[in-house]
Each structure stands twice: as C-alpha cells, then as structure tokens.
Amino acid sequence: MNMRKWLSQKRVWAQLLIAAGGLFVATLVFFFNAVRSLPDPGEIADIQVSQSTKIYDREGEALLYEIYAEEKRTIISSDDIPDLVREATISIEDDSFYEHPAFDWRGVARAVVVNLIRGRVVQGGSTITQQLAKNTFLTNERTISRKIKELVLAVRLEKEYTKDEILDLYLNQVPYGHNAYGIEAASRIFFEKSAKDLTLNEIAVLAALPQSPSYYSPWGSHVDELEKRKNLVLRRMRELDYIDDVELESALEVMPEIADQPETGISAPHFVIHIQDYLRDKYGEDALRIDGLKVITTLDRELQEIAEDAVLTNVERNSELYGGENGALVAIDPQTGQILAMVGSKDYFGDPVPEGCTPGTNCRFEGNFNVATQGLRQPGSAIKPFVYLTAMQQGFTPDTVIWDVPTEFSVSCPGIVNFSNRNPACYHPQNYSQTFSGPVVMKEALARSINVPAVQTLYLAGLNNTIETVSKLGITTLNDPSRLGLSLVLGGGEVRLVELTGAYAALAADGVYRKPVSVLRVENAAGEVLEEYKDDGVQAVDPREVRIINDILSSVELRSGLFSASLPLTQVPGHQVALKTGTTNDYVDAWAFGYTPNLAVGVWAGNNNRDSLTSRGSSILAAVPMWHSFASKALAGKPLSTFERPVPIVSSNPVLNGKLIEGSLHTILYYLGRRDDPQFPNWETGVQSWLQTNSVDRRKFELVDESSIENPPAEGKIEIEPISPENGSFVSGPVDARFRIISEKDISSIEVYLNGELVGQTSDVPHRDFTYGVEIDQGLLVLQNSIVVRVTDEDGLRGEESIIVFK
C-alpha cells in the first residue's frame, strides 16, 4: 500500500471517529436535557392532574361544559382493591406486567415501527408503569424527549416501589372518565358501590375505560363499543386463567346496570358531547384531561335555548297525539356552515321510554342518543328537492309536464297498476292523498310532494346523477345505487339530520356547500391557537338550477295545496322561507326543513325504535309545528333576506314549457323521443288508462297543435371526456383545460367554471365531435380546484363533467 493511500484512509477513519464522538456527545446532551428536571418518584402522592378543557359558546362567554373540571378521587388501601380488579387491568393494559422491567421492549419496538411508518409519534407502547409515570408527572406531548422522560421515570418508579405497589398506585391514579380518578371513585360514580363490592362484570366495564374514558363512557354515545371492549377484557382474563369458563360465559351475556348520570353543569349536552368526540379524535384523550384546552364553538346560546324548548314542547304534544316520543333539531348558518343550535333528543338526561325498555333495542326514547349526528333515518320526501335539482341540471324545466297517474315502474310487471298486487317484484307507489292529478308540471309536483311524478323525475334525471348531486352536497350515506333504486326519491336509504340540513343550507347559499362545523377556535393553556375556523365553501352545484328549486320551495301559492290549514305554520312573517317536508312509509319518520338565505333549520320527529306515529302523524302534523316553533322565534327581529330569482328557461319542446299536444297525449318519454325506453310501455299504459275516465283541465294547460312537433325529437346524448389536466394532478403555471365533446345534437353553448366562477364560454361550435379548451391563469388557482365544463344542446339537454386539480 502506498503512503498516499494509507494517509487518505487514515483521514477517513479519523473523520468517522470525530463524527461518532460528536453524535455520542450530542446524544448525551439531549438525554441530559430531557431528564435533568425530572421529579422524584417519591413525590407521586403529591402530584395533581393538570388543567381541564373548557368548552364555550360562539361569543366565548358562556361556559357550556368543563371536561375533567372537578376530580373525584378516593384513595383506597391495597386491602380494599379486589384481586379481580388488578387482574382485569393487567389483562387488558399490560399482560406481562410482572415479567418485564419498567418498559416492554416488544411494545417499544412495535411503537417505533408504527411511528417510523407514520412519520410521527402516534403510538407509545406504554406499560402500566409508564402510564403511571406519564399520567402523574408528564404532559401529553407526543415527542421523543417526553418518551425518554417517561422511560427514565418508569425505571425510577420500579426502583422506588414494588410491582404490587406500582399497580395499586396506578389503580388509585388512573382516569376512568367523568372526572373519576382511581378505581374507588369510578366504582362509586358508575355503580354506586365501593370497589370491594364490584362484580366481575362491573370490574370488566371499569377496566375497559382507561384506554379512552370519554369514548367508552357508559353515559356516552358509544355504549355498544364499551360492551365489546368489556367482553374483550373478560376473554383476556380467561386466556390468562384469571377466571374460568363458567364465569366468562355468565359475564359475557349481559351488560351490568349503570347508575343514572347526575345532572351536572352542562349546557347543550348533545352538542357538547359532539364537540368532545371531535376533540378526542383530533387531539387525544390526554389532551382533554391535562392540556387546558379552550374551545370556542359555533353554538348560539340564545338559539340553542329556543331549539331545546321547541323540541321538548312539541315532542310532548306529539306524544299525546301521535305516540311520538322523541325529536331533534339542527340549525346552520348557510353563509358559514356553522352549527348554531343542535338538539339530539327531547331531554339528554331523561329516562328511557317505555320504562324497562332496553336502550339500543326497543326504546321509543333514549335521552343521550344524538339523533342529529348518530341517527340514520329514512328521509322520505325530504330528498325530493335534490332529485328535481338534478333534473334541472339535465335540461328539464320547472314547467315540464309529467303525469301523476297510477304507474308501474318495474319492467317485469307490465300492464295496468293493481294496488292490491303485493308482488315484491312490482313497484307502483301511491300518493299520500291516495288520489291522482293527471298531468302536472314539475314545480307543482315538487311543491305538493306528489310521489309518482317524483319517481318519474328520478328516472329522467338518472339515479347515478342524483347520487352524485347529494354527494356533492355532503350526504355521505346514499352511495349505493344497487341498494337504492327508484325508491330513493320516496325516502329509500338513510341519512343523518345534520348532513341533510347541511345540504339544504347549500341550497340557501346559492349552491355553495360548506361542511357543517362546530368549532371556531381551539387554544392551549398557553394561548396558542391550535385550530381556527376557515370558510371552505365550494360551488357544489350551479346556482342557476338552485335558484329554480328555491323559487319553487319558497312559493306559498305552490305549496298551499299540500298544507291547507297548516299553511300558516310554513311561514314566518317578514321572511321569505323555502320549506320541504318528508314522511316515511307507515309514518315512522317525520321531517321538516325550512330555510332562508341566512338560516337553515332541519327537524325530525318520531321514535328511536322506529315505531310508527299513530293517527297518520305525518311531517305536516308532527314536524312542521316543531320547525315553526323554532323558526318563528329565531327569525324574529332579523332583517329580511330574499333568494335570487331564477332566469326563466324556455325550451323548443312545448312539453317542457308546460304545454300539451292537442289530440296526442302521451307520457313525457314520447316527446323526448324515447319510445324504445324500457319504461315507456308502463308509463304510457298509465297515461292512456287515466285518460279513459278523466280529461285534461284546459284551464291549467295550453293545448297546442301537433304540427308544432311534427318530428318528435330524437333522444339526445352528450359525452364529455377530460383530456387535460389529469384528474387529481398537481399543476403549475397556466392550466390548459381541454375536453373532448361528443353530442348527438347541435350544441348551443359550452361553459367552463373554476371553483364556481365562469372562466370560459362559447356558442360557436363547429360540429358534434370536437375538442374545446380554455387557458386558466395561475393566479386564479387555490390549493384545491374544481374545473367544471357544462354543455347544452339545441334541445336544452345538458351534460357536465368535472375534475379536481391541486396547486
């Protein structure tokens, strides 16, 4: 080896040794800084739990609830802690507690792998000793330095105390929820007895709580999950031979009776629990307990009190008249998406009804179940506006003539409708009035909530198109066309009240959808802002069609035929109110949704266990009074705001303009050139059968000569294929948005929208198969962008395609 090469290698080794030494020194400094201020484990008896979480109204003045506000702690001796409590805790929290030192290398290794995969500290692999160290001495921060402190403290604890002492310290310190610290406090709060008197099943419930006390709360909204975790505790105890098969089976069968929750200083309890769940999911259980969070919510305290009174008063009325034992209400500001009021039941602290029922199974009323956010209920006719909205997007007009006649919609059941036919393969819905009107225009069919025209409209608009519309407006549960079918428009499928109210709020906001939000700001104990409300509204649907729906639903004249004597309850003097109701089959669910440009309110009335409302307790009778009780007070003294008027739509097809053809009365499919449609025979049979015993009211419809449509239009079709940019791609610089458009008819207009704003349009279309493009300036882009192209042919048929790109 030559001298130069030898010297070069020596320099490399020297540099490596220097780097390793520097790393070693840096590690020592980091470790020293992390542990130098650690407390003496002998001080454990003097440590107190840190600051609680405070939840306020939107003004930041009214304290709605303080999570972990007053610790309930009763220290008990070792002799008073049952062995089964120790064994249940070890089984679910740390089954090798007596075998490992202060920490479990397997758990630590597993946590390291998970944290490396996630790119951040998300899992701790903590033993009981580590949990005791963290809960007693440390904060909730997820950092490497905090983890080092936890490990060092755990080692010191194991030197200071025996395993049995550590376990008993843990059981006297661990939080079980609802401000209960230690097994004795938890036992007295949840079971009204001392820990030494607990049964095996009760012990398993308490052992299930520490992992996430607010989530698994016996008084919360996740009792089913608590029972599953309780049973997991029991099975782990059996695997570890702490109990035998007989004890296991007897305890698995039942959930022990939980003591009633005492009424505490909590306002708007359903809303507060909703907030608590949100905070726990985002920041973790420990943050709620010790980080001193200050949460400013969206709740309007005055509106909340009005809402609670409206629900309670009207449920009491419904109970007497219709056997309806529950109700719920959500109020949203359409211009912000902020939830102003939320009532999940008539009384959060109320006893289940009937007495002796089993919650979650057969109770007509359950107080702490939040119907507004958790309940999945069929919407009935309340979904219809979104079907008609989709039809308007497809080129239909509010004056389009459709036929309200007995109609069979199953192609496997041809012929005249027989309502006594119970064949499940057939589908021929009835109207609420059990009468049929013959020809009606779409706006009247929607305002009067007539069923048969609504099913026809869903078919014309397209089931998939309609599902896409409601999805854009925030409804997450109607996403399976194969399960829904044409019954969707009459309430098939299930929705959440808060989501459906959010969709109506988007109508109120001219088609701008904002996901309902409940938090304005979250600060930590140091005053640092952890999150703050930002308006994330997007133009989900074209305002032109939304204005048509708002115009229909706000017309007192149009809806007067449906509401009759109840019409005054659909109005608030001095305000333009759009309103829609919904009643499901057999009067199980009753809904009312009413909105102005500045307030959207949704209410539900019914029974938790889906028992029917008696005496035909429809939405008009059971839900509208509840809505009016709230809206009339909530809007009192507020300035008038009106909806934008729609632009009149005129079609070249007279049937889409509210006219009929003299001597040629047919289903609408005939005039759309769709006589080969599989639905045509049944629809046409319904029309012709009705005409045999009825005649058209010429005062309502102008009959024009057939020569005006000598050649019925052929069925149109528009295909739009995005060329660039690719959906979901990241873009920089000007965006060249290009689409291939194929149409069976001449095209009258093309429009391109960026985030709801028009950025390109043309009516100069060379032929029926071509590429259209528009250049979008980079300065118009935000982080996430929606590019929508809308094409309209000469018959008014519309096609739409959209892509999302990121900046």
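Residues numbered from 1 in each chain as written. Predicted model: local features only at pLDDT ≥ 70, side-chain atom pairs only at ≥ 80, totals over all residues. Heavy atoms only, no water.

## Here's the deal with the overall build of the protein
Short version of the rule: We count a stretch as a helix when DSSP gives it H or I for four or more residues in a row; a strand needs E for two or more, and each element gets its number in order from the N terminus. Here the term buried applies to any residue with accessible area under 20% of the maximum for its type, exposed to any over 50%, and partly exposed to those in between, with areas from a 1.4 Å probe on protein chains only. Here a residue-residue contact requires only that any non-hydrogen atoms of the pair lie within 4.5 Å. Note that accessible areas follow from Shrake-Rupley with a 1.4 Å probe, and for residues the cover is restricted to the protein chains shown.
Helices and strands together make up the secondary structure of the protein, namely 25 helices and 26 strands. A buried classification covers 54% of the 807 residues belonging to the protein. Residue pairs in contact within the protein that sit at least 24 positions apart in sequence constitute 70% of those at least 6 positions apart. Roughly 36,100 Å² of accessible area belongs to the protein as shown, and the carbon and sulfur atoms make up 50% of that amount.

## Details of the environment of S695
For S695, the location among the structural elements is in the loop between α25 (680-691) and β19 (702-704). Look at S695 and you get exposed, because its relative accessible area is 60%. Sequence spacing of S695 and P439 is 256 residues, and the spatial spacing of their C-alpha atoms is 9.8 Å.

## With respect to the sheet that holds strand β16 (residues 589-596)
Consider a sheet: its strands pair through backbone hydrogen bonds, and that pairing is either parallel or antiparallel. What counts is decided by this rule: DSSP-based pairing: two strands are paired if at least 2 bridges between them are found. Inter-axis angles, ranging from 0 to 180 degrees, are taken between N-to-C directions of lines fitted to C-alpha atoms, where helices are fitted over the stretch in contact.
Taken in spatial order, the 5 strands line up as β8-β7-β17-β16-β15 in an open sheet, and their pairing is antiparallel. Both outer strands of the open sheet, β8 (338-343) and β15 (578-583), are each paired with one neighbouring strand and no more. For this sheet, the mean angle separating the axes of adjacent strands, direction not counted, is 10°. Across the sheet, helix α23 (residues 624-634) lies against β7 (326-333), β15, β16 and β17 (599-606), angled at about 150° from β17, the strand it touches most.

## Brief notes about the state of the cysteines
For clarity, the cut-off: When two cysteine sulfur atoms lie within 2.5 Å, the pair is treated as a disulfide.
Evaluation of the coordinates by the stated rule reveals 2 disulfides. What pairs with C357 in a disulfide is C363, and their sulfur atoms sit 2.0 Å apart. Every disulfide takes its handedness from the sign of the S-S torsion; for C357 and C363 that torsion is 100°, giving right-handed. We note that C357, like C363, is buried. Residue C413 pairs covalently with C426 via a disulfide, S to S 2.0 Å. On the sign convention where negative is left-handed, the bridge of C413 and C426, at about -85° about the S-S bond, is left-handed.

## A few points about the side chain of T390
Relative to the elements of secondary structure, T390 occurs in helix α14 (residues 384-393). When sequence neighbours within four positions are dropped, the list of residues in contact with T390 reads A461, N465, T466 and T469.

## Section: unusual backbone geometry
Going from V353 to P354, the amide bond is cis rather than trans, its omega being 0°. Mapped onto the elements, P354 comes out in the loop between β8 and α14. Cis geometry marks the peptide bond from S724 to P725; its omega dihedral reads -10°. Its location among the elements puts P725 in the loop between β20 (718-724) and β21 (735-743). Residues other than glycine seldom take positive phi values, yet H178 does so here, at roughly 55°. Mapping H178 onto the fold places it in the loop between β4 (175-177) and β5 (180-181). Here the phi dihedral of Q434 falls at roughly 60°; this positive angle occurs in a residue that is not glycine.

## Overview of the pattern of salt bridges
Inclusion rule: Whenever Lys or Arg places a side-chain nitrogen within 4 Å of a carboxyl oxygen from Asp or Glu, that contact is recorded as a salt bridge.
In the structure shown here, the tally under the stated rule is 37 salt bridges. Notably, a salt bridge pairs D589 with R377, separated by 2.7 Å at the nearest N-O pair. One end of the pair, D589, is in strand β16; the other, R377, is in the loop between β8 and α14, with 212 residues separating them in the sequence. Each member of the pair D589 and R377 is classed as buried. In this structure, R544 engages D542 in a salt bridge whose closest nitrogen and oxygen atoms are separated by 3.0 Å. One network of salt bridges, in which partners are shared, links D542, R544, E751 and R790.

## Quick look at a negative patch on the surface
Let me state the cut-off plainly: Each patch is built from residues that are more than 30% exposed by relative accessible area and take part in no salt bridge. Like charges join if they lie within 9 Å; nonpolar side chains (Val, Leu, Ile, Met, Phe, Trp, Tyr) join within 5 Å. For the purpose of charge, His is not counted, nor are the chain termini; Lys and Arg are scored as positive and Asp and Glu as negative. For the purpose of locating charges, the reference atoms are NZ of Lys, CZ of Arg, CG of Asp and CD of Glu.
Among the surface-exposed residues, E192, E257, D260, D347, D351 and E355 lie close enough to one another that they form a single negatively charged patch. Residue class for E355 comes out exposed when judged on its relative accessible area of 81%.

## Considerations on the nonpolar core
Quick reminder of the rule: We call a set of buried residues a nonpolar core when its members are Ala, Val, Leu, Ile, Met, Phe, Trp, Tyr or Cys and they connect through side-chain atoms within 4.5 Å of each other.
Counting 107 residues, the largest nonpolar core has F386, L460, L473, L500 and Y595 as the members making the most contacts within it. Sort the elements by how many residues they give to this core and helix α19 (residues 497-508) lands first, with 9 residues. Non-local contacts of L460, meaning those with residues more than four positions away in its chain, are made with F396, I402, M442, I668, L669, L672, R674 and W683. Residues I76, I203, V205 and L248 belong to the second largest nonpolar core, which totals 47 residues.

## Observations concerning the packing of helix α2 (residues 83-93) against helix α9 (residues 223-239)
Keep this limit in mind: Each angle gets one of four labels, with under 35 degrees taken as roughly parallel, over 145 as roughly antiparallel, 65 to 115 as roughly perpendicular, and the rest as oblique. Under the convention adopted here, Pro, Cys and the residues Ala, Val, Leu, Ile, Met, Phe, Trp and Tyr are nonpolar, Asp, Glu, Lys and Arg are charged, and Gly plus all remaining residues are polar.
Direction vectors running N to C along α2 and α9 enclose 100°, while the axes themselves pass 9 Å from each other. Taken together, the axes of α2 and α9 are roughly perpendicular relative to one another. For the pair α2 and α9, the contacting residues are L84, E87, A88, S91, I92 and E93 in the first and R229, L232, V233, R236 and M237 in the second. Per-class residue counts for the contact of α2 with α9 are 6 nonpolar, 1 polar and 4 charged.

## A closer look at the sheet that holds strand β12 (residues 519-523)
Pairing in this open sheet of 5 strands is mixed, and the strands run β2-β1-β6-β12-β13 from one edge to the other. Each edge of the sheet is formed by a strand with only one pairing partner; in this case those strands are β2 (63-67) and β13 (529-532). Each neighbouring strand pair of the sheet contributes to a mean axis angle of 15°, computed without reference to strand direction. Direction of pairing for strand β6 (residues 294-297) relative to β12: antiparallel, over a ladder of 4 bridges. Residue V295 lies in a different strand from β12, and its bridge partner there is V522. Contacts between helix α11 (residues 269-283) and the sheet are confined to β1 (53-56), β2, β6, β12 and β13, with β2 contributing the most and set at about 45° to the helix.

## Focus on the confidence of the model for the protein
We count it as follows: Residue-level confidence of the predictor, termed pLDDT, takes values from 0 up to 100.
Residues with a pLDDT of 70 or more make up 87% of the protein, whose mean pLDDT is 85. In this model residues 22-35 is a low-confidence stretch, pLDDT under 50, and it forms 11 contacts with partners more than four residues away in sequence or in other chains. The low-confidence segment residues 710-714, where pLDDT is below 50, has 11 contacts with residues more than four positions distant or belonging to other chains.

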